[in-house]
Amino acid sequence: MAGQRLFPEPKPVLGPPNAERLAAMVENYARFAQGSVSPELLSRFVETELRDELLFREAVLRELQFRDAAVEQRIIQNMRFLDAQSKATDQALLEQGYALRLHLTDEVIRRRLVQIMERLIVATTSVVRPTESDIQSRYERDLETWLEPA
C-alpha cells in the first residue's frame, strides 16, 4: 500500500505513431487524392493515429471487445481461416482467439473498437443548448463568412 503511494504505476506512454499505419494513410491519400501530402496534412495524420491508438487502448482497458458481437464474429472468422479443418465450436474458437490475442492485432477489430469508443463519447457527452444571445453573437461574428462576394 505505502509502496504504491510512493511509487505509483507509471502512466502509459502514447506514441510515436505506428509507422506502418501512418505510411498506409499517406499512400492512400496520394493514390486517391493524386497529390502529395503536405506537412500540415501529415501532422493531422499523426494526430489521428495517436487519437485512434488512445481510443483503442481505452476500449481494451474497458474490455469492450468481450461485449461486441461484430468483434466476436471477426475472431471466429479469423480462427476458421487459420484452421479451416477445425471442428471446434464457435465458443471454443472465440476462447482460442482471445488466448492468441487476435483482438489486439486485427485491423478490423481495432477500427470497430475505436468506433465504439467514439460512440460512447458522443453518447455520454452532455450538450449545452445555445441561448438566443449565443446564437445572435455567433451570427454577427461569422456573418462575413456566409456572405457571397459581389
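This is a predicted model, so every value here is computed, not measured.

A. Spatial organisation of the packing of aromatic side chains. Under the counting rule described, the total for this entry stands at two aromatic pairs. Ring centres of Tyr29 and Phe45 lie 6.2 Å apart, and the angle between their planes is 70°; this geometry places the pair in the edge-to-face category. A residue pair is termed long-range when its members are at least 10 positions apart, and Tyr29 in helix H2 (residues 19-33) and Phe45 in helix H3 (residues 39-61) qualify at 16 residues. Judged by centre distance (4.6 Å) and plane angle (55°), the ring pair of Phe66 and Tyr98 falls under tilted.

B. Spatial organisation of the pattern of salt bridges. For the coordinates displayed, the defined rule picks out 15 salt bridges. The residue Arg110 makes a salt bridge to Glu49 at a minimum N-O spacing of 3.4 Å. With Arg110 in helix H7 (residues 107-124) and Glu49 in helix H3, the pair connects residues that are 61 residues apart, well separated along the chain. As far as the burial class goes, Arg110 and Glu49 line up, both buried. Between Arg80 and Asp90 there is a salt bridge; the shortest N-O distance is 2.5 Å.

C. Broad picture of the confidence of the model for the protein. Averaged over the protein, the pLDDT score is 88; the fraction of residues at 70 or greater is 92%. The secondary structure element of the protein with the lowest average pLDDT is helix H1 (residues 2-6), at 59, and the one with the highest is helix H4 (residues 69-82), at 96.

D. Region of the structure containing H2. Its 15 residues give H2 an end-to-end C-alpha distance of 21 Å, which sits within 8% of 21 Å, the value for a rise of 1.5 Å per residue. The residue sitting at the N-terminus of H2 and contributing the capping side-chain oxygen is Asn18; that oxygen lies 3.0 Å from the backbone nitrogen of Glu20. Remark: Gln34 follows H2 within two positions and exhibits a positive phi of approximately 50°.

Cut-offs applied
- Residue numbers run consecutively from 1 along every chain, following the written order of its sequence.
- Local features are withheld for residues below a pLDDT of 70 in this predicted model, meaning they are given only at 70 or higher, and side-chain atom pairs are given and counted only at 80 or more; totals for whole chains, interfaces and linings count all residues.
- Heavy atoms from the whole structure form the basis of all side-chain values; hydrogens and water molecules are not counted.
- The rule is short: rings of Phe, Tyr and Trp, with Trp giving its six-membered ring, pair when the centres are within 6.5 Å, and they are stacked under 30 degrees, edge-to-face over 60, tilted in between.
- Put simply, DSSP marks the helices as runs of H or I at least four residues long and the strands as runs of E at least two long, and each gets a number from the N terminus on.
- A side-chain nitrogen of Lys or Arg and a carboxyl oxygen of Asp or Glu constitute a salt bridge if their distance falls within 4 Å.
- Exposure classes here rest on a 1.4 Å probe applied to the protein chains alone. A residue is buried below 20% of its type maximum, exposed above 50%, and partly exposed in between.
- Each residue gets a pLDDT score, which is the predictor's confidence in that residue and runs from 0 to 100.
- Any helix carries an expected span of 1.5 Å times its number of residues minus one.
- Side-chain atoms alone can form a polar contact between residues adjacent in sequence; in general such a contact is a pair of N or O atoms within 3.5 Å, and within protein one must be able to donate a hydrogen while the other accepts it.

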